[in-house]
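Fold and contact review
Residue-level listing of the chains:
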Amino acid sequence: MFKRLRLACLGTLMLLAGAAHAEIDPDYRMVLLTENFPPYNMAINGKNFAQEDNLDGIAVDIVREMFKRAGIQYNLTLRFPWDRIYKLALEKPGYGVFVTARLPEREALFKWVGPIGPDDWVLLARGDSPISLSSLEQAKQYKVGAYKGDAIAQHLEERGLQPITALRDQLNAKKLMEGQIDLWATGDPAGRYLAKQEGVSGLKTVLRFDSAQLYLALNREVPDEVVQKLQSELERMRDEGFVDDILNSYL
């Protein structure tokens, strides 16, 4: 009995060792999908469809380097709407989508590589503003700008604030500098990137009221050795400072 048990254990260990050193098929190719979400992913021409070299952004640069180092082939496409590409990654083997938040309700739906970067919700003020906050409740006394229809604006309304909304989030950078609003509720690093595009700098964060990390979500059928290789390369890139360098180059 004990001999059989030892043989069974040995067999299990050999299988695990084989899996740990499994090689990736050199012909394996992935289909990667993304959306316009500056500064992480964006079409160079600003449109809602782009492929391969016509994409730019923090996550695009990081994902490209990650796949290059891992030696894994891929095709890259930016499409609209998000719901469509999310569904494709969910249902089609060999597909992945980025960047997306790794939420508890999504955990078992994908295999994950990341984090690639943060997606925080912040209140920004002019650099010379005396405003200091420790809660959203305290922001009710100020004029707060937000992006119309955005989840951040909806969150503020649910918390009892009455944000002054703009049709384009970047308009809030100029409104802040011109004194039309006291605070700008936006994403980080998205807000800093949009402000830079508008020639606005020197803004300060007075409150960070939500925090999330963004990932590459892979279909459940993607081989584990592919996921592990990508994750290890991303961690090596982070240790080398590559990830921070890319982030800072856009902000």
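As annotated in an unreviewed UniProt entry, the protein chain carries the name ABC transporter substrate-binding protein and is attributed to Pseudomonas lalucatii.

**Details of the overall build of the protein chain**
What the protein chain contains, in helices and strands, is eight helices and 13 strands. The C-alpha extent of the protein chain, read off along each of the three principal axes, is 75 × 45 × 35 Å. Counting all 251 residues of the protein chain, 43% fall into the buried class. Just so you have it, the protein chain exposes about 13,500 Å², and 51% of that area is on carbon and sulfur atoms.

**Section: unusual backbone geometry**
A cis amide bond links Phe98 with the next residue in sequence, Val99, at an omega value of -15°. Within the fold, Val99 resides in strand E6 (residues 95-101). For the bond running from Asp188 to Pro189, omega is 25°, close enough to zero to count as cis. Tracing the sequence through the fold places Pro189 in the loop between strand E11 (183-188) and helix H6 (190-197). Positive phi, close to 50°, is recorded for Glu52, a residue that is not glycine. Of note, Glu52 is situated in the loop between strand E3 (50-51) and strand E4 (55-56).

**As for the sheet that holds strand E5 (residues 73-78)**
If you walk across this open sheet you meet the six strands as E3-E5-E1-E6-E13-E7, and the pairing is mixed. Two strands close off the open sheet at either side, each with one partner strand: E3 and strand E7 (111-118). In terms of strand pairing, strand E1 (residues 29-34) meets E6 through three bridges, oriented parallel. Across the sheet, the residue bridging to Leu32 is Gly96, located in E6. Strands in contact with helix H2 (residues 58-70) are E1, E5, E6, E7 and strand E13 (213-218); relative to E5, the strand with the most contacts, it is inclined by about 165°.

What counts and what doesn't
Numbering of residues starts from 1 in each chain and follows the order in which that chain's sequence is written. Where local features are concerned, this predicted model is filtered to residues with pLDDT of at least 70; where side-chain atom pairs are given and counted, the filter is 80 or more; whole-chain, interface and lining totals use all residues. Heavy atoms from the whole structure form the basis of all side-chain values; hydrogens and water molecules are not counted. Numbering goes from the N terminus for both helices and strands, where a helix is a DSSP run of H or I of at least four residues and a strand is a run of E of at least two. Only protein chains enter the accessibility calculation, which uses a 1.4 Å probe; a residue is then buried when its area is under 20% of its type maximum, exposed when over 50%, and partly exposed in between. With residues, only the protein chains shown are counted as cover, and all accessible areas are computed by Shrake-Rupley using a 1.4 Å probe. Strand pairing requires that DSSP identify at least two bridges connecting the strands. Throughout, a residue-residue contact means that at least one pair of heavy atoms, one from each residue, lies within 4.5 Å. Angles here are taken between N-to-C directions and fall from 0 to 180 degrees, while the axes themselves are lines fitted to C-alpha atoms, restricted in helices to the stretch in contact.

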